[in-house]
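What the coordinates show
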Amino acid sequence: MSEAPSLPNRQAILVDRAFTVLAWLLGATGIALPGVIIGFLAVRGLGVIDWAFLTSPPGGFPLGQAGGIGPALQGSLALVGIGLVVALPLAVGGALFLTEYNRFPALARIVRFATECLAAIPSIVYGLFGYAILVVFMSLKISLLAGGITLGLVMFPLILIGAQEALEAVSWQDREAALSLGVTRAYVVRRVVLRQAAPGILAITTLAAGHAFGSAAPVLFTASVIFSRGGLGLETPVMTLPTHLYFLVGEALSFEHAYGTALVLVGVLLIVNVLVVCLKGALRR
Amino acid sequence: MNKPPPTNPPSRHADLTAPFDRLPPLGDQEAIVEVRGIEAAYGGRVAIEYIYCHFPARTVTAVMGPSGCGKSTLIKILNRTLELTPGAKVRSGAVYFRGRNIYGPDQEPMTIRKRIGIIHQRPIVFPMSIQENVLFGARFHQQIKGVSPRDYAEFHLERVGLLDEVGDRLSEPANRLSGGQQQRLCLARTLANEPEIILMDEPCSAIDPVATQRIEDLIAGLKREYAIIIVTHNLSQARRVSEHAVFMFAGRIIEAGLTKRLFAEPRTELTSNFISGRIG
């Protein structure tokens, strides 16, 4: 006679259910948090956003109560662009050296540790460093160039760490298979390794650029001014979105405009992130 | 006057214990590759030692043995790809390819790897189109002369029987192909390099039986042009595809000779145990 199937452990099932509910709750919080923040900004700030707000300089008296954020948007994008020009080649080059060419594991560990320390430095310290070295010592003055380089320094450790991880994720067998065809390491890096790592490098670059785009501290003493009519020059200062937001709230000029500015800041980051997700998909295909 | 049949390495290696200094003759074909006294290690651990053997031209030689016996290490030594593995090193010995030691000071590993191609266990296609995969090495070595890149790729895909299957989608990413197709693509990529020898490191271990059959058919066709050295732990495959066989155990060559003879009359107990399935 066969035995009746034994009942599963009741306590284990209860624990499993409790764990599932907890996982759902925590997961939902993770999704809800950005949703609530963006929703709040949209409710408060959407009213002021129109084409004129996005393109015209701030106006009114005190300055910022009317007008728009055109020069700030322009300035922030230009600063991040210059920062990327500085940080991306340096960071990806450094990561390539560490993963593909460096023969001393100890060196890789030291560089990695130093880079992680660099990534943990508060952005205001970068701002101070940029001011002391670039603005004063190198006489770049408070300018787009000085701010861009400072933002590049902020992005550099993040991109280096991420690029190194993306490159290390490319399997050793892929490199072996390619090198077995009698080609040079540089050829393999260019045609196989970088292509495999591109989505990962792109993802971390976007994250770093987003972080830089929203940082006020690094550009506060190196690039930003309260008012600009727009127009960009490497040697001229610029308005930026985060510092403009800081002035609007700090001086209690216009909370409506502050929310509008914040919404644009978040919106630009969202759009860039969506574009990058699409680009990553295309690269993977 | 009749030329005497080629013999094995001369007696200057006779200080080594038998049977490693006197392998049975492989037959009457000219040896294209000859291995003399190779010892290789990973880190400090010796993987293979006292390796003496030779591989004839236009013949399939199977390298057999249980897992971890050093088969893959041996064939990677034959085209200087072992040194791509971090920590792996050929400590002593020589490999003569057409009479020149490929480990000599004047030898460029990249040239050796181009002339002696290798197919790996797992098919590895690169993140690019089918056509660009085929042309990967050929473009670097500037092999494509007088024909269009497409024609060159198609010619080599035809050789591995892939053109009919993928001819209309050469620009698609290669990772969309099935495992068996990817392995044949890897073979086409190696052939496009115009090598003189093809090494295969368990080329069928990651693909299904039908795909395996196709690879074996290709081997039968390709041996008319190339020396093929195939590592396999599959005895039936060794019996089906090869004329010569080398049996390895624990990092050493135990026995080598004609495959038929090795299976019918193994000369050592280890070989006998291996081919009867008692070890491995």
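The rules we used
- Residues numbered from 1 in each chain as written.
- Chains lettered and ligands numbered in written order.
- Predicted model: local features only at pLDDT ≥ 70, side-chain atom pairs only at ≥ 80, totals over all residues.
- Axes fitted to C-alpha atoms, helices over the stretch in contact; angles between N-to-C directions.
- Helix = DSSP H or I, 4+ residues; strand = E, 2+ residues; numbered from the N terminus.
- Left-handed = near helix turned anticlockwise from the far one by under 90°.
- Contact = placed C-beta atoms within 7 Å.
- Nonpolar A, V, L, I, M, F, W, Y, C, P; charged D, E, K, R; others polar.
- Buried ≥ 20, exposed ≤ 12 C-beta atoms within 10 Å, placed from the backbone.
- Expected span 1.5 Å × (residues − 1).
- Pairing = 2+ DSSP bridges.
- Core = buried A, V, L, I, M, F, W, Y, C linked by C-beta atoms within 7 Å.
- Parallel < 35°, antiparallel > 145°, perpendicular 65-115°, else oblique.
- Right-handed = clockwise from strand over helix to strand, strands pointing away.
- pLDDT = per-residue confidence, 0-100.

Okay, the packing of helix H7 (residues 172-179) of chain A against helix H8 (residues 185-213) of chain A next. Residues and elements named next belong to chain A. At a minimum axis separation of 10 Å, H7 and H8 run at an interaxial angle of 140°. In this structure, H7 meets H8 at a crossing whose hand is right-handed. Across from Asp174, Arg175, Ala178 and Leu179 in H7, the residues of H8 making contact are Arg185, Val188, Val192, Val193 and Gln196. Split by residue class, the contact of H7 with H8 holds 5 nonpolar, 1 polar and 3 charged.

Here A:Phe61 and A:Pro62 are connected by a cis peptide whose omega angle stands at -5°. A positive phi is found at B:Arg80, a non-glycine position, where the angle reads about 60°. A positive phi angle, near 50°, is found at B:Arg98, a position not held by glycine. Take B:Arg98: it is sitting in the loop between strand S4 (88-97) and strand S5 (100-101). When the 14 C-beta atoms within 10 Å are taken as the criterion, B:Arg98 is described as partly exposed.

So, about helix H6 (residues 179-192) of chain B. Taking 1.5 Å of rise per residue, the 14 residues of H6(B) would be expected to cover 20 Å, and the 20 Å separating its terminal C-alpha atoms lies within 8% of that figure. A positive phi of about 55° marks B:Glu194, the residue just after H6(B).

Glancing now at the sheet that holds strand S3 (residues 60-64) of chain B. Residues and elements named next belong to chain B. In spatial order, the strands read S6-S7-S8-S3-S9-S10; together these 6 strands make up an open sheet with mixed pairing. Both edges of this open sheet fall to strand S6 (116-119) and strand S10 (252-258), since each of them pairs with a single strand only. Each strand axis lies, on average, 15° off the axis of its neighbour in the sheet, ignoring direction. Direction of pairing for S6 relative to strand S7 (residues 197-201): parallel, over a ladder of 4 bridges.

Another aspect to go through is the interface of chain B and chain A. Listed by partner, the interface residues are 19 residues for chain B and 16 residues for chain A. Only helix H2 (109-115) and helix H3 (130-140) of chain B provide two or more residues apiece to the side of chain B that touches chain A. Here the side of chain B that touches chain A gets 4 residues from one element, more than from any other, and that element is H2(B). Residues that form the side of chain B that touches chain A fall into these classes: 9 nonpolar, 6 polar and 4 charged.

Attention now goes to helix H11 (residues 255-284) of chain A. Helix length check: H11(A) (30 residues) gives 43 Å between terminal C-alpha atoms against 44 Å at 1.5 Å per residue, within 8%. Close packing links the buried residues of H11(A) with helix H1 (10-45), helix H2 (51-55), helix H3 (70-101) and helix H10 (241-250) of chain A.

In a beta sheet, neighbouring strands are held together by backbone hydrogen bonds and run either parallel or antiparallel to one another. Residue and element names in this part refer to chain B. As summarised here, the arrangement of the 4 strands in space is S2-S1-S4-S5, forming an open sheet in which the pairing is antiparallel. Each having just a single partner strand, strand S2 (45-56) and S5 make up the two edges of the open sheet. By the bridge criterion, 8 bridges tie strand S1 (residues 31-42) to S4 in an arrangement that is antiparallel. The residue bridging Val33 from the neighbouring strand is Phe97, located in S4.

Now for the nonpolar core. One broad rule of soluble globular proteins: the nonpolar side chains tend to lie buried together. By size, the foremost hydrophobic cluster in this structure holds 152 residues, and its most contacted members are A:Met155, A:Ile159, A:Ala163, B:Ile229 and B:Phe247. Among the elements that take part in this core, helix H6 (residues 144-168) of chain A stands out by supplying 16 residues, more than any other. Those residues within four positions of A:Ile159 in sequence are excluded, and the remaining contacts are A:Ala87, A:Leu88, A:Ala91, A:Val92, A:Ile204, A:Thr205 and A:Ala208.

Another aspect to go through is the pairing of S4(B). Relative to S5(B), S4(B) runs antiparallel, the two sharing 2 bridges. In the strand pairing of S5(B), B:Tyr96 is matched with B:Asn101.

All names here are of chain B. The contact between H3 and helix H4 (residues 149-159) brings their axes to 9 Å, and the two run at 100°. In this view, H3 runs roughly perpendicular relative to H4, as classed from their interaxial angle. Residue-level inspection shows Gln131, Val134, Leu135 and Ala138 of H3 in contact with H4, the latter providing Pro149, Arg150, Tyr152, Ala153, His156 and Leu157. Of the residues belonging to the contact of H3 with H4, the class tally is 7 nonpolar, 2 polar and 1 charged.

Residue and element names in this part refer to chain B. With respect to burial, S7 is a largely interior element, 5 of its 5 residues being buried. Alternating residues of S7 divide into Ile197, Leu199 and Asp201 and Ile198 and Met200, and every residue in both groups is buried. Where S7 and strand S8 (residues 227-232) come together, 5 bridges link them in parallel fashion. Within S8, the residue paired with Met200 across the bridge is Ile230. Read as a crossover between parallel neighbours, the route from S7 over helix H7 (residues 209-222) to S8 is right-handed.

So, about the environment of A:Ala132. The topology assignment puts A:Ala132 in helix H5 (residues 123-137). Separated by 90 residues in the primary sequence, A:Ala132 and A:Thr222 have C-alpha atoms spaced 9.1 Å apart.

The subject of this paragraph is the environment of A:Asp50. Residues and elements named next belong to chain A. Along the chain, Asp50 turns up in the loop between H1 and H2. Using a count of 12 C-beta atoms within 10 Å as the deciding quantity, one classes Asp50 as exposed. Taking C-alpha positions, Asp50 is 36 Å from Ala198, a pair spaced 148 residues apart along the chain.

Per-residue confidence for chain B gives a mean pLDDT of 88, with 90% of residues at or over 70. Under a pLDDT of 50 for its full length, residues 1-28 of chain B has, in the predicted model, 36 contacts with residues more than four places off or in other chains.

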